Amino acid sequence: MNKRGSNAVGVRRYNERLILATVRRLNGASKADLSRITGLSPQAAVRIVESLTDEGRLIKAGKRTGGMGQPSIIYRINGGSGCTIGAEIGRDRLVCTMLDFDGRIIACESTTTSYPSPASAVELIQCFAQKHLPQLREEQREGFLGFGIAMPWFIGEWREEAGIADQQAAAWAAPGLEEYFQKELDGPVIFENDGNAGALAELMSGSAVGLTNFLYVHIGSFVGGGLILNGEIKRGKNGNAGALASMPIPQGTSTDFLLHAASLYQMTTSGEGEHNPAWEAWLKHCAEALAFVIISANSLLDLDAVVIGGGLPHTQLRHLSERVKNTIQKTAPRDFFCPELKIGENGEKAPAIGAGLLPLFSTYAPNLISLLKSDAVASLAESRRGRA
C-alpha cells in the first residue's frame with residue numbers, strides 16, 4: 001500500500017474543503033485572499049480554485065478594483081450546484097428544510113405532531129422531498145448531497161414531562177432505526193443530536209460565524225445544547241457531549257436538572273407574555289439555572305462565547321441573556337472569565353437548518369483530524385524512528 005500517496009490524496013481533499021469553507025465564511029474571496037488566509041502557496045490556491053470552478057462549486061462573482069496591479073476576480077460558492085434536505089424530529093413537531101450548496105434556505109415546512117413515530121417521520125420527509133426536489137434545476141437536483149436528521153438521542157425519555165406512552169417511546173429505541181431511515185430515504189442519511197445541529201447552524205450561518213469554541217443553548221419545548229470546540233462539533237465518546245437537559249442544578253438543599261428549569265413545555269398553559277407573573281417566575285428560575293450551568297461549563301472549557309437561541313422571540317431571548325449575565329456577575333467566583341453571551345440568529349429553526357447543513361458539513365468542511373488517520377500516524381512514527 002502506498003501510504004504516502006494515500007496521505008497526499010487526503011491533503012488535497014482537505015485543502016479543497018479549506019478553500020470552500022473560507023470562501024463561504026468570507027462570502028467571496030480572491031485567489032490571493034485565499035492563499036493569504038489559508039496559508040496555502042499561491043500556486044496551490046490558484047490550482048484548487050480553478051479546479052473547483054471547473055467542477056461548478058465556485059463561480060466568478062465580479063472583480064475588486066483598487067490598489068496595485070490588475071483587478072482581482074472574486075469567487076463565491078455556487079449555491080445552485082447542489083442541495084440538501086434536513087429534518088428536525090421533535091417530540092411535538094417535525095421541521096423539514098431544503099438548503100442550497102451555499103447553505104441558504106430554499107424551502108422550509110413545519111408540521112405539528114403529537115409525538116411522531118419513525119414511520120410517520122419518514123413519510124413527512126419523503127413528501128417534502130417529492131414536493132420540492134422536482135422544482136429545482138437539473139444541475140441542482142443532480143448535486144443532491146443527502147439527508148440530515150436531527151433529533152434528541154433520548155427522544156423516548158422524559159416520558160412524564162413529554163406526556164407520551166411507553167409504547168410510543170419504544171418505537172424510537174428499537175434496533176435498526178438508522179438502517180430503516182437509510183432504506184426508506186433516497187440518498188445518504190446522516191444523524192445528529194438536535195442540540196449539536198443547532199450549534200452547527202449558528203457556526204455556519206448564524207451568530208457564531210467566526211467563533212471556534214462556544215456552547216449553544218437551545219430554549220425549546222425541552223432545553224438542549226451543543227458544543228463546538230476548535231470549529232468542530234464535540235460529540236464525546238457516546239455522542240452526548242453538550243447534552244444540557246440533564247445538567248444538574250441546585251434546588252434548595254437538593255439538586256434538579258436543567259430540563260425542569262429551562263424548558264418551554266412548562267409554559268404551555270401559563271403563556272409567555274412579558275409582565276405575566278408565571279412568565280416572570282419562569283424567566284427568573286431559568287436565568288439562575290443557566291447562569292449556574294454556564295459558570296460550571298466555562299470554568300472547565302474557557303469558551304469564546306455562549307449562544308442562546310431557540311423558540312423564544314428575539315426580545316425575550318435578549319431579556320433572558322441579560323438576566324443570565326447579571327446573575328453570573330453576582331455569583332461567579334473572582335477568577336472567572338465570563339464568555340460573551342450572544343443571541344442565536346436562526347431561532348427555533350436552528351436544529352432543522354443544522355440538519356440540512358450536515359451533509360454539506362460532512363462532505364465539504366475541512367477536518368484536520370481526517371488527515372491523522374492511523375496509517376498516516378504510523379508512517380510518521382516510522383519516519384521519526386528512522387531519524388532516531
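Rules of the game
Residues numbered from 1 in each chain as written. Predicted model: local features only at pLDDT ≥ 70, side-chain atom pairs only at ≥ 80, totals over all residues. Heavy atoms only, no water. Pairing = 2+ DSSP bridges. Helix = DSSP H or I, 4+ residues; strand = E, 2+ residues; numbered from the N terminus. Axes fitted to C-alpha atoms, helices over the stretch in contact; angles between N-to-C directions. Contact = heavy atoms within 4.5 Å. Salt bridge = Lys/Arg side-chain N within 4 Å of Asp/Glu carboxyl O. Buried < 20%, exposed > 50% of the residue type's maximum accessible area, 1.4 Å probe, protein only. Core = buried A, V, L, I, M, F, W, Y, C linked by side-chain atoms within 4.5 Å. pLDDT = per-residue confidence, 0-100. Phe/Tyr/Trp six-rings, centres within 6.5 Å; stacked < 30°, edge-to-face > 60°. Lys NZ or Arg CZ within 6 Å of the ring centre and 35° of its normal. Expected span 1.5 Å × (residues − 1). Arc of directions from axis to C-beta.

**Some points on the sheet that holds strand β4 (residues 93-100)**
Two modes of strand pairing occur in sheets, parallel and antiparallel, and in both the strands are linked by backbone hydrogen bonds.
Okay, so step 1: Spatial ordering of the open sheet is given by β5-β4-β3-β6-β7, a layout of 5 strands whose pairing is mixed. On the outer flanks of this sheet lie β5 (105-112) and β7 (189-193), each paired with one strand and no other. Between one strand axis and the next, the sheet turns through 15° on average, direction left out of account.
Okay, so step 2: Against the sheet, helix α4 (residues 118-132) touches β3 (83-89), β4, β5 and β6 (144-151), its axis set at about 35° to β4.
Okay, so step 3: Lying over the sheet, helix α12 (residues 350-364) contacts β3, β4, β5, β6 and β7, oriented at roughly 135° with respect to β6.

**Looking at the pattern of salt bridges**
Okay, so step 1: Counted under the stated rule, the structure contains 14 salt bridges.
Okay, so step 2: Notably, a salt bridge pairs Lys31 with Glu50, separated by 3.2 Å at the nearest N-O pair. You can see Lys31 sitting in helix α2 (residues 31-38) and its partner Glu50 sitting in helix α3 (residues 42-54), a full 19 residues away along the chain.
Okay, so step 3: Since its relative accessible area comes to 22%, Lys31 is described here as partly exposed.
Okay, so step 4: One network of salt bridges, with partners in common, ties together Arg24, Asp102 and Arg104.

**Let's talk about the pairing of strand β11 (residues 248-251)**
Okay, so step 1: Both β11 and strand β12 (residues 254-257) contribute to a ladder of 4 bridges, which runs antiparallel. Across the sheet, Gln251 pairs through a bridge with Ser254, a residue of β12.
Okay, so step 2: Between the antiparallel neighbours β11 and β12 lie 2 residues, among them Gly252 with a positive phi of about 65°.

**Considerations on the nonpolar core**
Okay, so step 1: Ranked by size, the top nonpolar core spans 39 residues in total, and within it Val217, Ile219, Leu258, Trp282, Leu290, Leu320 and Val324 carry the most contacts.
Okay, so step 2: Looking at this core, the elements that each hand over two or more residues are β8 (214-219), α10 (277-301), β13 (305-310), α11 (314-331) and β14 (340-343).
Okay, so step 3: The dominant element in this core, judged by the number of residues it contributes, is α10, at 12 residues.
Okay, so step 4: Here Leu258 is in contact with Val223, Leu244, Ala245, Met247, Ile249, Ala289, Leu290 and Val293, once residues within four sequence places are set aside.
Okay, so step 5: Formed by 35 residues, the second largest nonpolar core is a distinct cluster that contains Leu200, Leu211, Phe214 and Ala350.

**Considerations on the confidence of the model for the protein chain**
Okay, so step 1: Model confidence for the protein chain is summarised by a mean pLDDT of 86, while 85% of its residues fall at 70 or above.
Okay, so step 2: Here helix α13 (residues 374-387) is the element of the protein chain with the lowest mean pLDDT, 39, and β14 is the one with the highest, 98.
Okay, so step 3: Under a pLDDT of 50 for its full length, residues 1-6 has, in the predicted model, 5 contacts with residues more than four places off or in other chains.
Okay, so step 4: A low-confidence stretch, residues 369-388 stays under pLDDT 50, and its non-local contacts, those more than four residues away or across chains, total 11 contacts.

**Section: the packing of aromatic side chains**
For any pair of aromatic rings, the description rests on two quantities: the centre-to-centre distance and the angle between the ring planes.
Okay, so step 1: Under the defined criterion, the tally for this structure stands at 5 aromatic pairs.
Okay, so step 2: When the ring of Trp279 is compared with that of Trp282, the centres are 5.2 Å apart and the planes differ by 20°; the resulting orientation is stacked. Of this pair, Trp279 and Trp282 are both found in helix α10, 3 residues apart, which corresponds to roughly one turn of the helix. Each member of the pair, Trp279 as well as Trp282, carries the same accessibility label: buried.
Okay, so step 3: Put simply, the rings of Tyr180, Phe181 and Phe191 pair up and form one aromatic cluster.
Okay, so step 4: Over the face of the ring belonging to Phe101 we find Arg24, whose NZ or CZ atom lies 5.6 Å from the ring centre.
Okay, so step 5: When the ring centre of Phe101 is taken as reference, the NZ or CZ atom of Arg57 above it lies at 4.3 Å.

**Side note on the side chain of His132**
Okay, so step 1: The topology assignment puts His132 in helix α4.
Okay, so step 2: Dropping the residues within four chain positions of it, His132 is found in contact with Met98, Ala107 and Glu109.

**Some details on α3**
Okay, so step 1: Compared with an ideal rise of 1.5 Å per residue, which puts 13 residues at 18 Å, α3 spans 18 Å between its outermost C-alpha atoms and is within 8% of the ideal.
Okay, so step 2: Those residues of α3 not exposed but buried are Ala44, Ala45, Ile48, Val49 and Leu52. Along the axis of α3, the buried positions cluster into a sector of 125°, meaning they face one direction only. Residues of α3 that are exposed and point over 90 degrees away from its buried face: Pro42, Gln43, Arg47 and Asp54.

**Some remarks on the environment of Arg91**
Okay, so step 1: Residue position: Arg91 is located in the loop between β3 and β4.
Okay, so step 2: Classification of Arg91 as buried rests on a relative accessible area of 16%.
Okay, so step 3: As for Arg91 and Ser221, which are separated by 130 residues in sequence, their C-alpha atoms are 8.3 Å apart.

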